[in-house]
Amino acid sequence: MPSNNGTCAPETGVCICPTGMTGVNCDDECPTGKFGAGCSETCLCQNQGNCDSVTGYCECRPGTRGRYCDEACPPGYYGDECAYECNCDNGATCAAYDGECICPDGFTGLFCDEVCTLGYYGKDCDSVCNCSMNGTVVCDHVTGCQCEVGYIGVQCERLKGIEESGNRTVLLATLIPSVLMVLIALVAFILWRIKGNRERKGKQTDSNKNGKCFKSNGLYYNNKLRM
């Protein structure tokens with residue numbers, strides 16, 4: 001016998017289910033993602049929104065809204081239909097689902113209204129200040145060690161002048177070998193040119209010693225023989 005106001009076909013006895021219902025006896029709702037007569041329509045709900053099996057209306061989860069639950073809550077709001085306003089301090093945001101405050105660096109507490117305990121800083125106040133006693137002014141609850149003038153480093157542990165001197169030393173150590181290689185190549189080139197010039201002069205001298213031929217009255221003579 002049909003359930004949920006279903007009817008029975010008099011000829012066959014087959015149950016004719018109302019909109020949103022299915023099954024042999026019309027005792028099942030449409031499967032997930034389907035709705036309407038014969039469960040033939042496809043739901044368009046997003047972000048795990050619930051689809052009404054009769055109308056296809058989307059019932060949004062907390063933190064989303066819109067006809068198809070495709071819109072996130074705007075900043076500062078949360079919950080069902082984004083109807084609730086966040087109550088967080090110090091520029092903190094809140095989770096769209098339940099309104100839990102998400103604290104910025106340096107703050108903690110239910111409403112992000114507390115600064116980090118002395119000696120701690122950063123995200124969720126999880127980082128420990130371990131600043132140098134000599135070079136630190138204070139440990140800031142947001143960024144950590146605040147260095148005195150002339151000190152650098154995460155813990156203000158290095159003098160700035162020493163750091164710069166070290167950088168210059170590294171730079172010189174890198175440049176000196178390159179400069180030496182260029183000088184060696186230049187000297188080798190100069191020596192090669194000098195050697196080449198000497199060889200050419202030597203050949204010219206030998207040629208002069210052997211004498212040169214000249215032409216006179218259609219005949220060639222060796223100038224060495226004329227001397």
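The structure we're discussing is the one just above.
Residues numbered from 1 in each chain as written. Predicted model: local features only at pLDDT ≥ 70, side-chain atom pairs only at ≥ 80, totals over all residues. Heavy atoms only, no water.

Enquirer: Outline the overall build of the chain, listing residues and values.
Expert: What the chain contains, in helices and strands, is two helices and 24 strands. With 227 residues in all, the chain has 21% of them scored as buried. Of the contacts made within the chain by residues no fewer than 6 positions apart, 9% connect residues no fewer than 24 positions apart. In the structure as shown, the chain presents an accessible area of about 16600 Å², 55% of it carried by carbon and sulfur atoms. (Helix = DSSP H or I, 4+ residues; strand = E, 2+ residues; numbered from the N terminus. Buried < 20%, exposed > 50% of the residue type's maximum accessible area, 1.4 Å probe, protein only. Contact = heavy atoms within 4.5 Å. Areas by Shrake-Rupley, 256 points an atom, 1.4 Å probe, with all protein chains shown as cover.)

Enquirer: Let's hear about the packing of aromatic side chains: which residues, and what values?
Expert: Any two aromatic rings considered together are summarised by their centre-to-centre distance and by the angle between their planes. Counted by the stated rule, this structure contains two aromatic pairs. Residues Tyr78 and Tyr84 carry aromatic rings whose centres are separated by 5.7 Å and whose planes lie at 35° to one another, so their mutual orientation is tilted. According to the relative accessible area criterion, Tyr84 is partly exposed, its value standing at 47%. The interplanar angle of 35° and the centroid separation of 6.0 Å between the aromatic rings of Phe189 and Trp192 together place this pair among those described as tilted. Of this pair, Phe189 and Trp192 both sit in helix H1 (residues 160-210), three residues apart, which is roughly one turn of the helix. A relative accessible area of 59% places Trp192 in the exposed class. (Phe/Tyr/Trp six-rings, centres within 6.5 Å; stacked < 30°, edge-to-face > 60°.)

Enquirer: Summarise the pairing of strand S19 (residues 136-140); cite the residues concerned and give the values.
Expert: The pairing of S19 with strand S20 (residues 144-147) spans four bridges and is classified as antiparallel. Along S20, the bridge assignment pairs Thr136 with Cys147. Hairpin remark: S19 followed by S20, antiparallel, with three residues in the connecting loop. (Pairing = 2+ DSSP bridges.)

Enquirer: How would you sum up a negative patch on the surface? Please name residues and give values.
Expert: Taken together, the side chains of Asp27, Asp28, Glu29, Asp52, Glu59, Asp80 and Glu81 define an acidic patch exposed on the protein surface. Within the secondary structure, Asp28 sits in strand S4 (residues 28-29). (Patch = residues over 30% accessible without salt bridge, like charges linked within 9 Å, V, L, I, M, F, W, Y side chains within 5 Å. Salt bridge = Lys/Arg side-chain N within 4 Å of Asp/Glu carboxyl O. Lys, Arg positive; Asp, Glu negative; His and termini not counted. Charge placed at Lys NZ, Arg CZ, Asp CG, Glu CD.)

Enquirer: Please give an account of the nonpolar core that cites residues and values.
Expert: If you look at the biggest cluster of nonpolar residues, it comprises eight residues: Cys86, Cys88, Ala92, Cys94, Cys101, Cys103, Phe107 and Cys112. Taken domain by domain, this core gets at least three of its residues from each of domain 2 (60-102) and domain 3 (103-159). Look past the residues within four positions of Phe107 in its chain and what remains in contact with it is Asn90, Cys112, Glu114, Val115, Cys116, Cys125 and His141. One finds Tyr121, Cys129, Cys145 and Cys156 within the second-largest nonpolar core, a separate group that totals five residues. (Core = buried A, V, L, I, M, F, W, Y, C linked by side-chain atoms within 4.5 Å. Domains from an automatic or database assignment.)

Enquirer: Requested: an account of the state of the cysteines, with residues and values cited.
Expert: Note: disulfide means a covalent bond formed between the sulfur atoms of two cysteine side chains. Applying the stated criterion across every chain, the model contains 13 disulfides. Put simply, Cys88 and Cys101 are joined by a disulfide, and their sulfur atoms are 2.0 Å apart. Across the disulfide from Cys88 to Cys101, rotation about the S-S bond amounts to roughly -95°, and the bridge is consequently left-handed. On the criterion of sequence distance, the pair formed by Cys88 in the loop between strand S12 (84-85) and strand S13 (93-94) and Cys101 in strand S14 (residues 101-102) is long-range, its members being 13 residues apart. Its relative accessible area of 19% is what places Cys88 among the buried residues. Cysteine Cys8 is unpaired, with the sulfur of Cys15 as its nearest cysteine sulfur at 5.6 Å. Of the residues examined, Cys8 reaches a relative accessible area of 41% and is grouped as partly exposed. No disulfide involves Cys15; its nearest neighbouring cysteine sulfur is the one of Cys26, lying 4.8 Å away. (Disulfide = S-S within 2.5 Å.)

Enquirer: Talk me through the environment of Thr32; I want residue IDs and the actual numbers.
Expert: When you line up the elements, Thr32 lands in the loop between S4 and strand S5 (34-35). Overall, the relative accessible area of 85% leaves Thr32 in the exposed class. Thr32 sits 11 residues away from Cys43 along the chain, and the two C-alpha atoms are 8.4 Å apart.

Enquirer: Give a detailed account of the pattern of salt bridges, specifying residues and quantitative values.
Expert: Enumeration according to the criterion identifies two salt bridges in this entry. A salt bridge links Glu71 to Arg65; the nearest nitrogen and oxygen atoms lie 3.7 Å apart. Residue Arg158 pairs with Glu157 through a salt bridge whose shortest N-O separation is 3.0 Å. Overall, the relative accessible area of 34% leaves Arg158 in the partly exposed class. By relative accessible area, Glu157 is classed as partly exposed at 40%.

Without other data, these values stay purely geometric and don't point to any function.
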